[in-house]
Amino acid sequence: MSDQAPKMKDEDTLSITVEFTGGLEMLFSNERKHSLSIPIRNEDGTRTNMAALVDYLCQNLMKDPRKDLFILDGTVRPGILVLINDADWELEGEDKYEIESGDNILFVSTLHGG
Amino acid sequence: MAPACETCKANPAQIVRPKDRSKLCTECFFSVFEAEIHHTITSNALFHRGEKIAIGASGGKDSTVLASVLKTLDERHDYGVELILLSIDEGIKGYRDDSLMTVKRNAKQYEMPLTIVGYDELYGWTMDQVVEQVGKKGNCTYCGVFRRQALDRGAARLGVRHVVTGHNADDVAETVLMNLLRGDLPRLSRSTSIVTSTPSAASTDPNSHSNIKRSKPLKYAYEKEIVLYAHHKRLDYFTTECIYSPEAFRGSARALIKNLERLRPSAILDVVRSGEDMAKLVPGSDEGCGGACSSAVPAAEEEEGGCGSANGRTAGGEMANLEQQLVQGDVATEHDLEVEITLKTVASQGTNDVNGNGNGNSNGKLAHVAQSSNARKVRKNKGGQAFIPRKTPKQVMGQCRICGYLSSQDVCKACVLLEGLNKSRPKNNIEIGYEPEDSEVQGITNGVKQVHVKGD
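Residues numbered from 1 in each chain as written. Chains lettered and ligands numbered in written order. Predicted model: local features only at pLDDT ≥ 70, side-chain atom pairs only at ≥ 80, totals over all residues. Heavy atoms only, no water.

- Chain B goes by Cytoplasmic tRNA 2-thiolation protein 1 in an unreviewed UniProt entry, where it is assigned to Clohesyomyces aquaticus.
- Under the UniProt heading Pathway (unreviewed entry), the entry covering chain B gives this text: "tRNA modification; 5-methoxycarbonylmethyl-2-thiouridine-tRNA biosynthesis." (UniProt positions renumbered as here; feature names shortened; annotations may be inferred.)

- Looking at an unreviewed UniProt entry, one finds chain A named Ubiquitin-related modifier 1, with Clohesyomyces aquaticus as its source organism.
- For the record of chain A, the UniProt heading Pathway (unreviewed entry) holds the text "tRNA modification; 5-methoxycarbonylmethyl-2-thiouridine-tRNA biosynthesis."
- The UniProt entry for chain A carries this comment under Sequence similarities (unreviewed entry): "Belongs to the URM1 family."

Below, the structure is given as structure tokens:
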């Protein structure tokens, strides 16, 4: 089961763009756009999906300690919209969507004032 | 792969509408979103031809979408209204100064004239100074009370009688919940109204700032859809949370609403509708009277609601409701009286218990606990008025003795708050005034006009 991922090679990674807006950029070093290379498979060998990405972002990209402003009960906090290539992630299977190379994932907070 | 749009069947769907879970492409989403706002405007007769309308613009998503949609709709349906932007500068460094830049760009993009009115010129206090004075807790009260008047005053200056704001369905649902949690039914009733206007009877002066109509064309629009509209239309809006707001009570109501939405997306509109329906049950409420009796409730101290006059969501039955309401008015008052008596008794008995219980009073525990918790509720009701029984206020409208703003009290809430602020001002002023080296401090002294410093 746990096939410890050794050094990453190019074919083992996915190049994606992750964007944060609506105030979320505040939690990610005030950068709106991040180009990332993420492992194509999880440690258990399954394809990296949105749930794994969100976890990855929390572990690796988010410097802010207030994780609960981004995730709540193991998933993206209610009030944060997730768009996968500009489509609502609800159309793509939410957590279970398997990420493709070149994907653009956008997180928009609606929690901020208007 | 995304399914096809349910409306045009051609493009891939990109949006799931929260209200009915329909899956739409962006183009079909734009048209249905705009059509629904057009429907809100026409079915409630919000605008009339020739009217000059100020859009309360913060640079945030809601007011930016509102400005964009109103411009689109006015061109499409020829409302024949004149749209202008009105912004309030609360004086919050690192928040409002940035968002005002956005509003200035919006003014160019939408070709609308822009006016900015500052708290400092209206009240002599910026919010930065208020927070310096009162701390972060409770400062939202000041900001809210000041803002309402500020929009009215700004509008009056421009000779505009109608201000539209970007309040959306989530905001209204939040406000309904907040008022429910506070037990403030009269305000709940007013906050659900789509149109709130301060009655013209209060002032005969056409330039008075007490006579401005407010409406919320986005009242039935989900925040999610507003954000998506702004995103897919590539609108230029500003997103940074007010640096003072995280402690606000509203935040909890907001989180609750968003959690409900996750479980059942229609919950937001359902709460709005429940609010409207509950509003009709409040004695003395204007909900359902179509504005004819709007003078019954004053609006001056409203955070955002104001005295109601809405034609609610339902078209028919409103007038019938009013009649019923008038008949039932006395019954309701009687019912209120019953509550009063109960509360009064409990409160007077409970007073000692509140203290006694804290020390672990073991006698008659159950009864005492029940009583004291009741007493606490009553106490919490409104600071000093702890033992004045709750009653649906039958306030008489008047004008503030100091500023002339519409108020049920002798002095309006803004002036009361200002008085409190000004009382303690000189002391602070001296302290701050003599420390010129820090740039932050410098900013504050500059704003303070330094009258007191020199006077002392």
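Some details on the pairing of strand 3 (residues 52-56) of chain B
All names here are of chain B.
So, step 1. Buried residues dominate strand 3, accounting for four of its five residues.
So, step 2. Bridge count for strand 3 against strand 4 (residues 82-89) is five bridges, and the pairing is parallel. Across the sheet, residue lysine 52 finds its bridge partner in strand 4, namely glutamate 82.
So, step 3. With respect to chirality, the unit in which strand 3 leads through helix 2 (residues 61-77) into the neighbouring parallel strand 4 is right-handed.
So, step 4. Note: strand 3 against strand 6 (residues 162-164), three bridges, orientation parallel. Considered in strand 6, the bridge of isoleucine 53 is made with histidine 162. (Buried < 20%, exposed > 50% of the residue type's maximum accessible area, 1.4 Å probe, protein only. Helix = DSSP H or I, 4+ residues; strand = E, 2+ residues; numbered from the N terminus. Pairing = 2+ DSSP bridges. Right-handed = clockwise from strand over helix to strand, strands pointing away.)

Here we look at the interface of chain B and chain A
So, step 1. At the junction of the two partners, chain B supplies 30 residues and chain A supplies 25 residues.
So, step 2. For the pair chain B and chain A, the summed buried surface comes to about 2200 Å²; carbon and sulfur atoms form 54% of the total.
So, step 3. Inspection of the region where chain B meets chain A yields four salt bridges.
So, step 4. Arginine 21 of chain B is paired through a salt bridge with glutamate 90 of chain A; the nearest N and O atoms lie 2.5 Å apart.
So, step 5. Counting residues per element, the ones that place at least two in the side of chain B that touches chain A are strand 1 (15-16), helix 2, helix 9 (223-232) and helix 10 (249-263) of chain B. (Contact = heavy atoms within 4.5 Å. Buried area = accessible area lost by both parts, 1.4 Å probe. Salt bridge = Lys/Arg side-chain N within 4 Å of Asp/Glu carboxyl O.)

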